[in-house]
Amino acid sequence: MLALKNSVIDLHHSEKKTLIGFFSLYITLCIVILIFISFVYYKFQKDLMLSEKRINLQNYSNEFIIRLKQLHINFDKSQVYPRDTRFKSAIYDSDKQLIFSTLKSSHVQLDNIVYTSNKTIHFIKEPESYYLGARYVILEIEDDLEWFSKIEQEILIFTSIGLIFMLFIGYWLLQLFIKPMRDAMHLLDRFIKDTTHELNTPISAIVANVEMIDTSNLDEKLARKIKRIDIGAKTVSNIYQDLTYLTLNHQIMSQNEYLDVGQILHQRVEYFTTLANVKHIAFKMNIKEDVILFIDVKKLSKLIDNLISNAIKYNKINGSIQITLSEKNFTIEDSGKGIKKEQLDLLYERYSRFDKSVGGFGIGLNIVSMICKEYNLNIHISSEISIGTKVDVSWK
Amino acid sequence: MEINVFIKKALQTIFSFGLFLLLLITTEVQASVYTKNCIACHKEIPVSIDKYFYRYLLKYSSEKKVKHAIKYYLQNPSQEKTVMADAFINRFGIKKKTKLNEEQLNKAINEYWESYKIFGKLK
C-alpha cells in the first residue's frame with residue numbers, strides 16, 4: 001500500500017527540481033568560497049594590525065628590559081617590580097614558570113611573538129640575558145577591537161556584494177543549463193496543445209455521427225464494424241478529453257454540485273462497456289445508493305474514466321473489474337498484471353508509462369492526482385504482480 | 001665522708017661535660033651544610049654570595065637549570081663552566097672541587113636557592 005502524494009505535477013516540476021538542486025549546490029559553494037576569502041582577508045588584516053602594534057610593543061619591551069636589568073643589579077636593595085601605565089607585563093622563566101605578573105589574563109602563549117586574546121594584545125620578548133631569571137617577557141596592551149569592527153564591516157559589505165553578484169551569475173548559468181530541457185518540454189507541450197486543438201472538430205464529428213447511426217437496422221457485419229468505429233472514436237475522444245483537461249485545466253472554472261456518485265459510476269461503466277467487451281472483461285458492481293459528493297460533474301467523470309480506462313487497458317482477456325462504492329470511498333479493482341512496488345512512486349509523473357504494450361500517453365493518473373488534490377480526495381493504489389491493482393479513492 | 005664528696009664532684013663533672021657535649025652536638029646539627037660549607041668560605045671573599053646567584057639566574061633562568069648548573073660547577077669547577085667574569089677569576093682563582101657528597105650538595109644548593117630566589121619576593 002502506498003500513500004500517494006497529492007501534489008500537482010505541472011510541466012515545470014522537473015525543471016524546478018533541477019533548479020533548486022543546482023542553486024542550493026551553487027549557493028553552498030559560493031558561501032564556502034566567500035567564507036574562505038573572508039577568513040584569509042581577516043587573517044591578513046589582523047596580521048597587518050599586529051605588525052603595526054608590534055613596533056610600539058618592541059619599544060616598550062626594550063624600555064622594560066632596561067628597567068628589569070636595573071632591578072636585577074640592585075635586587076638586594078629594591079624588590080619593586082617595574083610597572084608602566086602604557087602596558088601590563090609578566091615575566092616567565094625558561095621552564096615557563098611565572099615569576100611575576102600584572103597581566104589581566106592569566107593564559108599566555110609563550111611560543112607566539114604577538115597575538116590577541118580576550119580583548120588584549122600580547123607581545124612576547126626573549127631578552128638576551130635573563131634578568132631576574134626572566135626568559136620570557138610578556139607585554140599586554142588593551143585591544144580596542146576597532147580594527148575588528150572595521151574588518152567585520154568590510155567583510156560584510158564585500159561578501160554581500162559578492163554573493164549578489166554570484167547569484168546573478170548562478171541565475172544566468174542556470175538559464176543556460178536548463179534551456180535545452182525547457183525547450184524540449186515546451187516543444188512537447190506545444191505539440192500536445194496544437195494536436196488537441198486540431199483534433200477537436202474531427203473527433204466531435206466522428207463521435208456525434210457514430211452515435212446517430214441506428215445499428216439495429218444494419219446487418220450484423222456492418223453493425224460490428226460500426227461498433228469498432230464507436231470503440232475507436234471513444235478511445236480517441238477519451239485521450240482528447242484528457243489532453244484538453246491538462247492543457248486548459250487552469251482556465252476551466254469548476255462548477256460544483258451535489259452528485260450521486262453511484263449514478264455517475266453506473267454511467268461511466270456503461271460508457272466503457274463496449275471497450276471492455278472487446279477484452280471480455282466483466283464489471284462487478286457493488287454500489288451503495290445515495291452517496292453524495294459536492295464536485296464538478298466533468299471532473300468526477302474524468303477521474304472515474306481514467307481509473308476504469310486503466311483497469312481495462314491493463315487487464316487480461318476474460319478478466320474482471322470490481323467497483324465498490326461505500327459511504328466514504330469507492331474502489332476500482334482489476335485482475336490485471338499489477339505494478340511493481342518501485343514503480344508505484346512514479347505513477348503520477350506525467351508521461352510515465354510502465355507498460356508500453358498498451359496505448360496511452362501516461363497522463364491519466366496525473367489528471368487523477370490533480371482532481372484528487374483539488375477536492376481533497378485521498379487516493380491509495382495497492383498492487384500485486386499477476387493478481388491485480390486496486391485503486392481506492394476516499395473522502396472525509 | 002670524703003669518698004662521698006669525691007663521688008658527688010665526679011658526678012657533677014661528668015654531668016657538666018655531658019651537657020657541654022650535648023650542646024656541642026646540637027649546635028653542630030643546627031649549622032647546615034650550606035652555612036658550614038658555603039657561607040664559611042665565601043665570607044672571606046669581598047664578593048657576597050648572592051652575587052653568584054644572580055649571575056647564575058642571568059644565564060640559566062629557571063630553578064631546575066640554575067640548580068643543575070651550580071651542581072655541575074661545584075662537582076668539577078673549571079674556568080669554562082664559571083659564570084663569573086674573567087677579572088674575578090684572575091683575582092680569586094677557581095675554587096677546589098667539592099668534598100660534599102651528592103645528597104649534601106643538593107641540600108646546600110636547595111638552601112642557597114631558597115635564600116635568594118626571586119619567586120614571591122617581587123612587590
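Here, every reference points to the structure presented above.
The sections below set out a description of the structure shown in this document. (Residues numbered from 1 in each chain as written. Chains lettered and ligands numbered in written order. Predicted model: local features only at pLDDT ≥ 70, side-chain atom pairs only at ≥ 80, totals over all residues. Heavy atoms only, no water.)

Opposite the 24 residues of chain A that make contact, chain B presents 17 residues. Regarding the contact of chain A and chain B, the summed buried area is about 1,700 Å², with carbon and sulfur atoms giving 61% of it. Three residues, His72, Phe75 and Gln79 of chain A, lead the burial of chain A against chain B; their summed loss comes to 30% of the area buried on that side. Connecting chain A to chain B are 1 salt bridge. In this structure, Asp76 of chain A and Lys51 of chain B form a salt bridge, with 3.4 Å as the shortest nitrogen-oxygen distance. Those elements that place two or more of their residues in the side of chain A that touches chain B are α1 (13-73) and β3 (98-101) of chain A. Here the residues of the side of chain A that touches chain B sort into 13 nonpolar, 6 polar and 5 charged. (Contact = heavy atoms within 4.5 Å. Buried area = accessible area lost by both parts, 1.4 Å probe. Salt bridge = Lys/Arg side-chain N within 4 Å of Asp/Glu carboxyl O. Helix = DSSP H or I, 4+ residues; strand = E, 2+ residues; numbered from the N terminus. Nonpolar A, V, L, I, M, F, W, Y, C, P; charged D, E, K, R; others polar.)

Time to look at the nonpolar core. Membership of the largest hydrophobic core comes to 52 residues, with the highest contact counts inside it found for Ile91 of chain A together with Leu122 of chain B. When residues in this core are grouped by element, the largest group, 8 residues, is from α1 of chain A. Ignoring any residue separated from it by four or fewer positions in sequence, one finds Ile91 of chain A in contact with Phe64, Leu68, Tyr81, Gln97, Leu98, Ile99, Phe100, Leu132, Ala134, Tyr136 and Val137 of chain A together with Leu122 of chain B. Listed in part, the 44 residues of the second largest apolar core include Ile281, Leu293, Ile295 and Leu377 of chain A. (Core = buried A, V, L, I, M, F, W, Y, C linked by side-chain atoms within 4.5 Å. Buried < 20%, exposed > 50% of the residue type's maximum accessible area, 1.4 Å probe, protein only.)

Quick look at the sheet that holds strand β5 (residues 120-125) of chain A now. All names here are of chain A. Spatially, the 5 strands line up as an open sheet ordered β3-β2-β6-β5-β4, and their pairing is antiparallel. Two strands close off the open sheet at either side, each with one partner strand: β3 and β4 (114-117). The sheet shows a mean angle of 20° between the axes of neighbouring strands, direction not considered. (Pairing = 2+ DSSP bridges. Axes fitted to C-alpha atoms, helices over the stretch in contact; angles between N-to-C directions.)

Any functional reading would require information that these geometric values do not contain.
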